[in-house]
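Residue strings, one per chain:
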Amino acid sequence: MYNNINTTILQDERVDGADKTNGKAKYTAEYQLPNLAYGVFVTSNIAKGTIKELDISKAIAAPGVLDVIYYANCPAVPGYNPNASERPKNVNEWRGHKVLYDNKVRFFGQPIALIVADSFENANAAIRLVKTVYDKEEHETNFDVLRKDPTKLKPAVTYKRGQEKAFATASKFIEAEYNIPIEVHLPMEMHATIAYWEGEDKITLYDKTQGPKSTQSTVARTFGLQEKNVRVIAENVGGGFGSGLRSWANVPAACIASKKLNRPVKIVLTRPQMFNLAGYRPQSWQKIGIGADASGKFIGITHEAISNTSKYEDFREGIVNVSRFLYAVDNVDTKYNVLPLDLSTPIWMRGPGEASGCFALESAIDELSYQLNMDPIDLRIKNFTDINPENKMPFSAINLKDCYAYGKEKIGWKNRPTKPGTLKENGMHIGYGMAVGVFGAGKGTASVRAVFSKDGRLVLECAVSDMGPGTTTSMTKIASTSMQMPLDKIKFKLGDSDFPAGPSQGGSGTTSTVGSAVDMACKTLQQNLKELAIQFAPSFANKLITEMEVKNEYIYLTTDASVKISVTDLMKLSNKEVIDITITSNGNNPSQMKYTSNSFSAHFVKLGVDPKTGKVKLLKVVTTGDNGKVISPKTARSQMLGGVVGGIGMALTEQVQIDHTTGQIINSSFGTYQVPLHSMIPPIDVWFVDKPDYNVNSIGAKGLGEIALIGFSAAVANAVYNATGKRLRDLPITPEKINLKKV
């Protein structure tokens, strides 16, 4: 009945898999340059105030220490100058906190000095020798308290369609609040930078970044350099989840230290520093009001949200946006505020605002379904729309009903109790839950260089990075399909800003954007080969290009397959060493602008709750994706598996804990910040609709990295309610919150 993609997985190997498992693949911190020095940050132990004294005398005299850089001796950085009229024209002010710039402390754990030594061990040993005296100021870190004070909030962004708060006029409605704590990315590879100035105006960086071109531009615009004189190498990235979408303190600090010492400098953040210095999902409070008539037709949705940002920089994301368009409803109003706190700046984390917003929206819809005595899936189908109600444009493709059908069958939805808390298995309360995820599916601009050699091998280059979703494999497969040539004769090279411009890897747009450029480059290459055949191969003289086909390393005449020439013979005949072309695929074209494009997912969960302890045990997950054509089944499946694991963490374990008396994060380690254990991961059935969406791009593929996680936490919360009758709206869902003794 279903085209289960899993059947083809064994035939789809990752082209970079061997290098990443045998250690051949190098990550940023593993590079060793001659005369390399090592930098470590000294960080503040207050959340707000001024450094009154910073004594580096003992640290600078410690064994192996080369320098201690801080605000009093830091070389001038053009982009640190706050006065725009005094900065050179090609210099932009550094975005966010200016490391080593002044004596102001803006958050606990802020870098206040950089110790540079001949070894990491010597640099690290000197940290305790730096003595600091502060003038402390009263800090504000308690989101739950401060969000209730309207004077603390920045002006809201509002939206209204139809009647405001129309949900309250419905015959059935709910209004509830939802809370999500700060979560951190915590990829396996910590953020690291190696910087090396090759002259006064030329620098090379090895950097953990999701965007080599973005980092190149940031460094060039901060230090007053030409972009061509800044090279950023990020060949392999050990996970990012959004943390690598901007440059953090380690990047300018490494550049500053390398320039001052005239030698390469490496900075690697520690695991505790990853909690403060590489962004996080902001804490959020949401209130949803949603109402429907007796048939289940939505009357109105009201969605309010507040999330935190830092006091030195605004960060906003689309928490309330999904409520505007995912379902057919005439009356929608949203309001979104941010609350500045004495914390570091948040950043996009997998699923960005949509992951937070869908937890509230999809939980509220489930809650409303019980008021209506209606199946939650039937309620969603009742309000299904193939026209985006926000912009009145048709979705380029929306196959959620296929996802519902597969998920229902495979999770065993028919066994779901309509009355919560009434099904037991093996001594546990059993519940079923589901929820929907959605994310944008646009196509940006990317350039790809294609070099076809006389030996029949194809090398493709693009300055995109790969933080783990399998970009190298996907691009190789796209090229193989487009060129109709073997995978093992194609190599896709990435992670170097010297390559043609590619996007930052984020927002589920890499496959669509870079894949379209790869496809275009291959089609152009085929055109070149056909033209060469007409020019140099006698059997193709005076033939039309439309009568020719490039396939299986041959050029054929479509009207007579016996007329052919191998591509290697053609290259030899035409005396060509290589065909070298660079192609740019632009963003959305006019035909694509007729549609609104999104990827969708539906997650299904079966779980058990221990009646004595309140502990949740996931028993089975079915996760489905509507993301256009699946390019690489194995890497696509891995993306969905990773999204489920991340969703389990969001739903059940992950939360940053802050001691508000000091402003310090008190669980900044893997020992105290709980990520999902292997034992918590149930059997997971991954399924894709796998229907190409050529309204978005020429390859028919849309992103899936975000939808793999968006909505999953709501599916878990909905299943917990179905199992226990207890509605939990504050993440994570812990045994203490379930506490069935109070049901």
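Heads up: the structure comes first, above all this text.
No experiment lies behind these values; they were computed from the predicted model shown. (Residues numbered from 1 in each chain as written. Predicted model: local features only at pLDDT ≥ 70, side-chain atom pairs only at ≥ 80, totals over all residues. Heavy atoms only, no water.)

Asks: Explanation requested: the overall build of the protein in the structure shown.
Replies: Regarding its fold elements, the protein presents 16 helices and 29 strands. Taken over C-alpha atoms, the radius of gyration comes to 28 Å for the protein, in line with the 27 Å a tight globule of 743 residues would show. Per-residue burial for the protein yields a buried fraction of 60% across its 743 residues. For the protein, long-range pairs separated by at least 24 residues make up 79% of all intrachain contacts whose partners lie at least 6 apart in sequence. When the accessible surface of the protein is summed, it comes to about 28900 Å², and 50% of that surface belongs to carbon and sulfur atoms. Considering the protein, the positive charge centre built from 86 side chains and the negative charge centre built from 74 side chains are found 3 Å apart. (Helix = DSSP H or I, 4+ residues; strand = E, 2+ residues; numbered from the N terminus. Rg over C-alpha atoms; globule rule 2.2 N^0.38 Å. Buried < 20%, exposed > 50% of the residue type's maximum accessible area, 1.4 Å probe, protein only. Contact = heavy atoms within 4.5 Å. Areas by Shrake-Rupley, 256 points an atom, 1.4 Å probe, with all protein chains shown as cover. Lys, Arg positive; Asp, Glu negative; His and termini not counted. Charge placed at Lys NZ, Arg CZ, Asp CG, Glu CD.)

Asks: What am I meant to see in the pairing of strand 18 (residues 446–453) here?
Replies: Residues in a regular strand project their side chains so that they alternate between the two faces of the sheet. Extensive coverage of strand 18 is indicated by the burial of 6 of its 8 residues. Note that strand 18 and strand 24 (residues 578–585) share 8 bridges and pair antiparallel. Bridged to F452 within strand 24 is I579. With 4 bridges joining them, strand 18 and strand 19 (residues 458–461) adopt antiparallel strand pairing. Counted as the bridge partner of A450 is L460 from strand 19. (Pairing = 2+ DSSP bridges.)

Asks: Is there a simple way to explain the state of the cysteines in this structure?
Replies: Working definition: the covalent bond between the sulfur atoms of two cysteines is a disulfide. Across all of its chains, the model carries 0 disulfides by this definition. With no disulfide of its own, C74 has C255 as its nearest cysteine by sulfur position, at a separation of 11 Å. The closest cysteine sulfur to the non-disulfide-bonded C522 is located on C462, 13 Å from its own sulfur. Using a relative accessible area of 1% as the deciding quantity, one classes C522 as buried. (Disulfide = S-S within 2.5 Å.)

Asks: What exactly am I supposed to notice about helix 11 (residues 471–483) here?
Replies: Residue pairs spaced three or four apart in an α-helix point in one direction, given the helix's 3.6 residues per turn. Under the 1.5 Å per step criterion, the end-to-end length of helix 11 is 18 Å for 13 residues, consistent within 8% with the ideal 18 Å. Counting buried positions along helix 11 yields 12 of 13 residues, so the element is predominantly enclosed. Where helix 11 is concerned, the buried positions are T471, T472, T473, S474, M475, T476, K477, I478, A479, S480, S482 and M483. In this structure, the buried side of helix 11 is in contact with strand 19, strand 20 (490–493), helix 12 (510–536), strand 21 (548–551) and helix 14 (633–653). (Expected span 1.5 Å × (residues − 1).)

Asks: Could you clarify how one ought to interpret the side chain of T635 in this entry?
Replies: Positionally, T635 belongs in helix 14. Here the side chain of T635 touches S632 through a polar contact of 2.7 Å, side chain to side chain. (Polar contact = N/O pair within 3.5 Å; in protein donor to acceptor, adjacent residues only side chain to side chain.)

Asks: How should the sheet that holds strand 26 (residues 616–626) be read in this particular structure?
Replies: Sheets are built from strands that pair by backbone hydrogen bonding, the pairs being arranged parallel or antiparallel. Taken in spatial order, the 5 strands of this open sheet run 16-17-25-26-29, and their pairing is mixed. Each edge of the sheet is formed by a strand with only one pairing partner; in this case those strands are strand 16 (424–425) and strand 29 (684–688). Where strand 16 lies against strand 17 (residues 428–440), 2 bridges are found, and the strand directions are antiparallel. Directly across from E425, in strand 17, lies its bridge partner M428. Packed onto the sheet, helix 10 (residues 400–411) meets strand 17, strand 25 (598–609), strand 26 and strand 29 and runs at close to 150° relative to strand 26. (Axes fitted to C-alpha atoms, helices over the stretch in contact; angles between N-to-C directions.)

Asks: Would you take a moment to explain the side chain of N337 for this structure?
Replies: Take N337: it is sitting in strand 15 (residues 331–341). Owing to a relative accessible area of 10%, N337 belongs among the buried residues under this scheme. Those residues within four positions of N337 in sequence are excluded, and the remaining contacts are L153, K154, P155, A156, A305, I306 and S307.

Asks: What exactly am I supposed to notice about the pattern of salt bridges here?
Replies: Side-chain pairing between opposite charges can occur once the charged atoms of the two side chains come close. All told, the structure shown has 35 salt bridges when counted by the stated rule. Residues joined by salt bridges that share partners form a network here, namely E140, K152, K311 and D342. (Salt bridge = Lys/Arg side-chain N within 4 Å of Asp/Glu carboxyl O.)

Asks: Before we go on, may I ask you to explain the environment of T422 in this structure?
Replies: Its place among the elements puts T422 in the loop between helix 10 and strand 16. On the basis of relative accessible area, T422 is assigned to the partly exposed category, the value being 49%. Sequence separation between T422 and D378 is 44 residues; the distance between their C-alpha atoms is 21 Å. Of the polar contacts made by the side chain of T422, one reaches the backbone oxygen of K419; its length is 2.7 Å.

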